[in-house]
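# Working through the structure, step by step
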Amino acid sequence: MRAARGALALALLASAVLAVGWPLLRILAEALVALHAGLPPGLGRTAAISLALSGGATLLALLGGLGSALTARCLPPRTRRLLDAALLSLLLVPPYTAAAAVLAVGGRSGLLHDLLPPLPGAPGMLLALTTTLLPYPYAAARLAWRGVDPRLVDAVLVHGGGTGRVLRLVLLPPLLRPVAAVAVVMLVTALADPSVPAVLRGRVPTLAHTAYLEVMAWGDEGTAALVAVLLALPVLPLLLLLARTGSPLAEPWRGHGAGPALALPPSPILRTARAVTVLVLAVIAALLTAAAVRSSLAPGELLGHGAVAALGSTLQHALLALLVAVPAGLVTAGLAARGAPRRAALLDGLQLMLLVLPGTTLGLAVSLAYRLGTPTPVGTLPPLVGGASLGSGSIAIVLVLAASTAPLVHVAARAGRAQIPRGEAETAEVLGVGRRRRLLRLVLPQAAPLVAVAGAAILVRMMVSVTPVALVAAPDAPMVPALALDLLDRAALAPVFVLTLLVAITIAALAGGAAAAGRLR
Amino acid sequence: MRILRRCAALAALGAVLLATAGCAAPAASASVTVLCSNDAAICSAWAEDFAQETGIAVTMDRLPTSEALERIRRGEGLPEYDVWHGGGSEMYVAAAQEGLLAPYLPPRTEGIPAQVRDPRGRWTGVYVSFLGLCVDAGRLDEVGAEVPRSWEDLLDPALAGWVSASSPRTSGTAYTTMLVQRDRLGEEEGLGYLAQLYPQIPQFTRSGTAPVQVVAEGEAAVGISFAPYCDAAAAAGAPVTTILPRDGTGYEVGAVAVLADAPHPAAARRYVDRAVSEEGQRSGAASGIHQVPTQPGLPGSFDEVRGQLGVPVLTSPLEERAGRRDALLNWFAAEVPA
């Protein structure tokens, strides 16, 4: 019986790997064929522009995020929370909304059009991408510095060190690894995002938008495949970094209490950090104000355009995907925990790869593989991508949502298990405590906050992400990113701001509900 | 292992729910799947009209004309759609030449002018839209540019960055714009004109109707699109006006066709019957967008309007227009960045 259950779990796992793995292998093969035929004209230049833009946005966001995190660490807890709220709430803002806000500030009819140089094009994309990326280094630094002991800082200062030495000896060491990993994630995120260029590209071509157009216009599959693979290449060093550092993804999840403010002496570094923080907050305020002003111009029209239907449909697809992703992630985490080290490494590696794979690559792979009939040993599978396909395109949408979020469940479950003190676990086992009791008394209390954070992260990722959904949904599909991109093609900014607000309210309501349910338990 | 079993059960439940979502499509016996290449509001109005008239459920998938043609081409042998409705007839000619459309002569076709329908009944023109310039006079005043009255006026340096147009890669409207220049100036000079016009456009839109909204939102001063969309925006209160270029305009013949290998051919023919009929051609007006009907009995029909525009109406044989598409798109891809 046990063998049969194991076989069932493995069969489910193998099906999932096949459903997602085959499109990825197919796209790799297509890319190699396209490369063999020669680079499409202009693709090299487009790649160089994209890399420069993404690299620039990553650097600026690192500067802004780390500067703000340093300022936050030196603030008392209450003020620090305000800064946290201002920067981390940007995680709820999809990149296309940031791009729309940039247009609302510096577009032809923008709030500050007369004061600013024209923003559409490279400057606007740089600003929008930087704004979108800001929370990543900020969150990484805030997490890394939560465990910093203020007494270490005092010790350095007592021994005659200044702020520079405190940074070098106390603050930088715990920051290097997470920031290196986050920088790669930021670069990949910026490179792979097609929605900022969709709004602000002007006449500047970018890789992700080129691939998006190739898919939307049913153009050259080879170019789309090649771009998809190119976008995934920067992930390789990240994978290597993560693979070499044990269980690195578990570490940032472990919480620490809010530490007291660090008391650093006034210095140019601190002043620069504060100036950067003020600049970051000013940019956020300008974007918010422009969005609010633009939305207030035509309040009667804002809830039209199918916003509510799109929100409902996106939520429905997200919940369906959760029903697939949660068990899949728990199964792989369970198999990894109980299996031999090699099996655990394989499962962790597969999930890790899926976790860091750009959504654009995944979306392009699934779109190209399943938009026409798929040959299988038992016959041809009907098209799964597009409004008229099987399930009105829902199957492909749920597949990509589940594939991009199952790794988060896996990582959260693995981290939850790692949090249980080994002594307690071994004692419980020696005393013969049953699996159910151990789960309820040992695992759940340790893992509950983690599960809540993972759940919120998954939900946010599903509701806010542009890719992979936009690449597998028909342009008119009632999905939030598809609707937003359609509206922004027409420069209809206000409905997109309202849509984003609705999404944020929905996420907050769901997260609040989940937290309340957790407290009731 | 018990937990694993529960997880497997949850996954199975997910799969069942997914399959249920998949089964949400209308039943095969009373449904028709339409690929619509027009404004979303018009597509909905057509679908509602047909469903109300016949009780047959309509699944509408909207794609710009060029994308729609590619989807039909690539889906050959595994048909998804029954009917293709809307979008320039050049694409229908191409599809007909490739054997992707089924011959069908619906009732009440005979009155429709011969130049807007296929003699073998593979497609039928159901509306006509004239290409125009959608202008915001107030914005032009701010920019310091004159209101453009001709295609040549669009090359005014003061309009640099203030013209909005769609990309020929994804839009039939943009392809019609290219053809108008070719019909107006000839092959070489037409391309030369386009090479001067495209730098005036700061960003190409994906949809052919989008430039109207881009102008209405204040992000451009002139949009190149079909006149009915600009008229509809003006009627809705946007500060825009339609201008037909005095050096000549072209038109799109929006068509309807039954697709070869349509999964529901009987329902598809009923859909086309309705789309071609006078009632069907009037139904799109419920969206607020008034395209020119091809049925001669209707007020403001193509026959009636064509002679009253006051500007030259340029055209060329449809087969020739359809045959130029690949060459023109290749030129665009090679010569025009982004």
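Every residue gets a number counted from 1 within its own chain, in the order that chain's sequence is written. Whichever chain is written first is A, and whichever ligand is written first is 1; the rest continue in order. Side-chain atom pairs in this predicted model are given and counted only at pLDDT of 80 or more, local residue features only at pLDDT of at least 70, and totals for whole chains, interfaces and linings cover all residues. The side-chain figures draw on all heavy atoms in the structure; neither hydrogens nor water molecules are used.

On to the overall build of chain B, then. By the criteria applied, helices consist of DSSP H or I runs no shorter than four residues and strands consist of E runs no shorter than two, each listed in order from the N terminus. On a plain count of helices and strands, chain B comes out with 14 helices and 11 strands. Only the C-alpha atoms count toward the radius of gyration. The rule for a globule is 2.2 Å times the residue count to the power 0.38. Over its C-alpha trace chain B gives a radius of gyration of 22 Å, about what one expects of a compact globule, namely 20 Å for 338 residues. Considering only C-alpha atoms, chain B reaches an extent of 75 × 55 × 40 Å along its principal axes. Summary of the burial criterion: residues with accessible area below 20% of their type's maximum are buried, those above 50% are exposed, and those between are partly exposed, where the area comes from a 1.4 Å probe applied to protein chains only. The buried share among the 338 residues of chain B stands at 59%. In chain B, of all internal contacts separated by at least 6 residues, the share reaching a separation of at least 24 is 76%. On chain B, roughly 12400 Å² of surface is accessible, and the fraction owed to carbon and sulfur atoms is 52%. Only four residue types enter the tally: Lys and Arg on the positive side, Asp and Glu on the negative side; His and the chain ends are excluded. Where a charge sits is defined by one atom per residue type, namely NZ (Lys), CZ (Arg), CG (Asp) or CD (Glu). Distance between charge centres in chain B, computed from 26 positive and 40 negative side chains, equals 9 Å. Note on contacts: a residue pair is in contact if any heavy atoms of the two residues lie within 4.5 Å. Surface accessibility in these figures is a Shrake-Rupley result with a 1.4 Å probe; residues are shielded only by whichever protein chains are displayed.

The next thing to look at is the environment of B:V215. Residues and elements named next belong to chain B. Position of V215 relative to the elements: it lies in helix 8 (residues 210-216). Given a relative accessible area of 0%, V215 falls into the buried group. When near neighbours in sequence (up to four residues on either side) are disregarded, V215 contacts C134, V135, D136, A220, A221, V222, G223 and V240.

Time to look at the side chain of A:T46. Locating A:T46 in the fold gives a position in helix 2 (residues 43-73). The contact partners of A:T46, leaving out residues within four places of it in the chain, are A:P205, A:T206, A:L207 and A:T210.

Residue and element names in this part refer to chain B. In what follows, salt bridge is the name for a side-chain nitrogen of Lys or Arg lying within 4 Å of a carboxyl oxygen of Asp or Glu. Counted according to the given criterion, the structure contains 28 salt bridges over all chains. A salt bridge links E53 to R274, with the shortest nitrogen-to-oxygen separation between them at 3.6 Å. With E53 in helix 2 (residues 40-54) and R274 in helix 10 (residues 265-276), the pair connects residues that are 221 residues apart, well separated along the chain. For R182, the salt bridge identified is with E320, shortest N-O distance 2.5 Å. Residue R182 is located in helix 6 (residues 172-185), and its partner E320 is located in helix 13 (residues 318-323); the two are separated by 138 residues in the primary sequence. With a relative accessible area of 15%, R182 lands in the buried category.

Residue and element names in this part refer to chain B. Taken across its five residues, strand 8 (residues 222-226) has five buried, putting it largely inside the fold. Paired strands, as defined in this entry, are two strands with at least two bridges between them according to DSSP. The pairing of strand 5 (residues 124-135) with strand 8 spans five bridges and is antiparallel. Bridged to L131 within strand 8 is F226. Across two bridges, strand 6 (residues 163-166) lies against strand 8 in parallel orientation. Looking at the pairing, S164 lines up with G223 of strand 8.

Here we take up the packing of aromatic side chains. Only Phe, Tyr and Trp rings take part, Trp by its six-membered ring, and two of them pair if their centres are within 6.5 Å. Stacked means planes under 30 degrees apart, edge-to-face means over 60, and tilted covers everything else. Per the counting criterion, the structure on display carries 11 aromatic pairs over all chains. On the numbers, 5.7 Å between centres and 65° between planes, the contact of B:F130 with B:Y251 is edge-to-face. Within this pair, whereas B:F130 is found in strand 5, its partner B:Y251 is found in strand 10 (residues 251-259), the two being separated by 121 residues in sequence. B:F130 sits in the buried class, given a relative accessible area of 4%. By relative accessible area, which is 8% here, B:Y251 ends up buried. Cluster of aromatic residues (ring-pair linked, three or more members): B:Y198, B:F204, B:W331 and B:F332. Its guanidinium or amino end placed over the ring of B:W162, A:R108 lies 4.1 Å from that ring's centre, counting from NZ or CZ. We call a charge positioned over a ring when the NZ of a Lys or the CZ of an Arg lies within 6 Å of the ring centre and within 35 degrees of the ring normal.

Now for the state of the cysteines. Here a disulfide denotes a covalent bond joining the sulfur atom of one cysteine to the sulfur atom of another. Residue and element names in this part refer to chain B. In plain terms, two cysteine sulfur atoms within 2.5 Å form what is called a disulfide here. Scanning all chains against the criterion turns up two disulfides over all chains. The disulfide partner of C36 is C43, and the S-S distance across this bridge is 2.0 Å. Because the torsion about its S-S bond is -85°, the bridge between C36 and C43 counts as left-handed. Per residue, the accessibility class of C36 equals that of C43, and both read buried.

With that settled, the discussion passes to a nonpolar patch on the surface. The patch calculation keeps residues exceeding 30% relative accessible area without a salt bridge and links them within 9 Å when they carry like charges or within 5 Å when they are nonpolar (Val, Leu, Ile, Met, Phe, Trp, Tyr). Together, A:L25, A:L28, A:L32, A:L35 and A:L39 make up an exposed nonpolar region whose accessible area comes to about 500 Å². Tracing the chain through its elements places A:L25 in helix 1 (residues 2-37).

Residues and elements named next belong to chain A. Simply put, an axis is a line fit to the C-alpha atoms, just over the touching stretch for a helix, and the angle between two N-to-C directions goes from 0 to 180 degrees. Viewed as axis vectors pointing N to C, helix 16 (residues 341-356) and helix 18 (residues 394-419) meet at an angle of 135°, and their least axial separation amounts to 8 Å. Considering their axes alone, helix 16 and helix 18 lie oblique with respect to each other. The two elements helix 16 and helix 18 cross, and the hand of that crossing is left-handed. From helix 16, A344, L347, D348, Q351, L354 and L355 reach across to helix 18, where they touch A403, A406, P407, L408, H410, V411 and R414. Asp, Glu, Lys and Arg are counted as charged, while Ala, Val, Leu, Ile, Met, Phe, Trp, Tyr, Cys and Pro are counted as nonpolar; the rest, among them Gly, fall into the polar class. Here the residues of the contact of helix 16 with helix 18 are counted per class, giving nine nonpolar, two polar and two charged. If an angle is under 35 degrees, it is roughly parallel; if it is over 145, roughly antiparallel; if it lies from 65 to 115, roughly perpendicular; otherwise it is oblique. For a crossing to be left-handed, the near helix must be turned anticlockwise from the far one by less than a right angle; the clockwise case is right-handed.

Attention shifts here to unusual backbone geometry. For residues that are not glycine, phi is negative in most cases, and the peptide bond is trans in most cases. Of note, the bond from A:T467 into A:P468 is cis; its omega dihedral lies within 30 degrees of zero at 5°. Following the sequence through the fold, A:P468 ends up in the loop between helix 20 (435-464) and helix 21 (469-472). Of note in this structure, B:D261 is not a glycine but carries a positive phi near 65°. Following the sequence through the fold, B:D261 ends up in the loop between strand 10 and helix 10. Overall, the relative accessible area of 52% leaves B:D261 in the exposed class.

This paragraph deals with the pairing of strand 2 (residues 57-62) of chain B. Residues and elements named next belong to chain B. Bridging between strand 1 (residues 31-36) and strand 2 involves six bridges; their strand directions are parallel. Its bridge partner lying in strand 2, V34 is registered against M60. We call a crossover right-handed when, viewed with the strands running away from us, the connection from the first strand over the helix to the second turns clockwise. Crossover handedness for the path strand 1 to helix 2 to strand 2: right-handed.

What follows concerns the confidence of the model for chain B. In the predicted model, chain B carries a mean pLDDT of 87, and the fraction of residues at 70 or more is 90%. Low pLDDT (under 50) marks residues 14-28 of chain B, which in the prediction has 15 contacts with non-local residues, meaning those over four places away or in another chain. For every residue, the predictor states its confidence as a pLDDT score lying anywhere from 0 to 100.

Turning our eyes to something else, we now look at the nonpolar core. Residues A:L171 and A:L200 are the most contacted members of the largest nonpolar core, which totals 138 residues. The leading source of residues in this core is helix 18 of chain A, at 12 residues. Sequence-distant contacts of A:L200, that is, excluding residues within four places in its chain, are made with A:A99, A:V102, A:L103, A:P120, A:G121, A:G124, A:M125, A:A128 and B:Q203. Among buried residues, those of type Ala, Val, Leu, Ile, Met, Phe, Trp, Tyr and Cys that are joined through side-chain atoms within 4.5 Å constitute a nonpolar core.

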